Amino acid sequence: MKIVPVEKPLRLTNDGALEIVFLGVGGAFSQTLFNTNFLIIKGDAHLLVDFGTTGPFSLPASTGLTLSDIGAILPTHSHCDHIGGIESLALWNRYVAIPQFGKKKISMIISKEYEDILWNQSLRGGMEQNEYSSEGKPLAMHDFFDIIRPTWLEREPRLLLDIDWQGIHVELFGTNHVPEQASSASSAFITHGLHIDGRVFFSGDTKFDMELLEKYADRSEYMFHDASFFPNPVHASLEELRTLPASMKEKMFLVHYGESHAEQNVEGFCGFAQKGMRYIFD
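Attention in this report is confined to the structure presented alongside it. (Residues numbered from 1 in each chain as written. Predicted model: local features only at pLDDT ≥ 70, side-chain atom pairs only at ≥ 80, totals over all residues. Heavy atoms only, no water.)

## A few points about empty space enclosed by the protein
- As enumerated under the stated definition, the model contains 1 cavity of 30 Å³ or more in all.
- Empty space within the largest cavity amounts to approximately 30 Å³.
- In terms of lining residues, the largest cavity is bounded by L74, P75, I109, I110, S111, Y114, P150, L161, L172 and H192.
- By residue class, the composition of the lining of the largest cavity is 8 nonpolar, 2 polar and no charged. (1 Å grid on protein atoms, 1.4 Å probe; cavity = no way out; pocket = protein on both sides within 12 Å on 5 of 7 lines; lining within 4 Å. Points joined across faces, edges and corners; volume = space filled by probe spheres on them. Nonpolar A, V, L, I, M, F, W, Y, C, P; charged D, E, K, R; others polar.)

## Quick word on the sheet that holds strand β14 (residues 252-255)
- If you walk across this open sheet you meet the 8 strands as β8-β9-β10-β11-β12-β13-β14-β15, and the pairing is mixed. Edge positions in the open sheet fall to β8 (151-154) and β15 (271-272), since each of these has one partner strand only.
- Across 3 bridges, the pairing between β8 and strand β9 (residues 160-165) is antiparallel. Residue E154 lies in a different strand from β9, and its bridge partner there is L160. (Pairing = 2+ DSSP bridges. Helix = DSSP H or I, 4+ residues; strand = E, 2+ residues; numbered from the N terminus.)

## Some thoughts on the pairing of strand β11 (residues 192-196)
- For β11, the tally of buried residues reaches 5 of 5 residues, placing the bulk of the element in the interior.
- The alternating pattern of β11 places H192, L194 and I196 on one face and G193 and H195 on the opposite face, and all of these are buried.
- Sheet analysis places strand β10 (residues 168-174) next to β11, joined by 5 bridges and oriented antiparallel. Following the sheet pairing, E171 is matched in β11 by H195.
- Of the pairings in the sheet, the one linking β11 to strand β12 (residues 200-202) comprises 3 bridges and is antiparallel in character. Across the sheet, I196 pairs through a bridge with V200, a residue of β12.
- Between β11 and β12, which pair antiparallel one after the other, the connecting turn spans 3 residues, and D197 there sits at a positive phi close to 55°. (Buried < 20%, exposed > 50% of the residue type's maximum accessible area, 1.4 Å probe, protein only.)

Next comes the structure, spelled out in structure tokens:
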């Protein structure tokens, strides 16, 4: 793997190598690191994974891109640091990028189950009543996005979905993130992690879950895992991650971390993932 700084504006195409670029690497309340959202790029395809509250600021700051450049998005779950910028992205696309630049609707990869939750519980209030649709009805998710459905593989012992997006293969697995009382991924609220192209593991937001890590460790060249610097009821802590075998830690980058990262001992890990860097898996 090569790690190189972004030359702005970031190119959303490449020679076919799998590439991950973090817009941000911080947690929900990060002041300088931006929310942990990232772009997957491969060949002529790109996919934005999450777009949180800091997304409209981190996208140009970390990549030199604008809201008009994004063509596809995959939201993992409904916390503000993962979906807080989607309304801005959708409204900009519908009312600026499409009429002024002839852009197409953004594609959104999302299951029917999660689409209903995301629209009705998070996005609908700010997006439904801006105008009526051509049918004279309030706007719905499909008026803003071309909805792309992943394939259901299984629900137990954890949700598992699968999609090939223009040459990018993504396996979406359920994680045990919230509520804090949930005892397993199958009893938790919908939250996805990703296994990308059968090579790269991204935990998404999750409690410490050894079963999940053992399932994907041998299949992953590199792993990106969220890390809290204090005991946390809904996130894996750095203290817990330090208990992992060396074979896992030596290929694991930490993401979704706090401002005090410079004070943390991450010996044995790959280190902290960095915003504005290109991780190229050649």
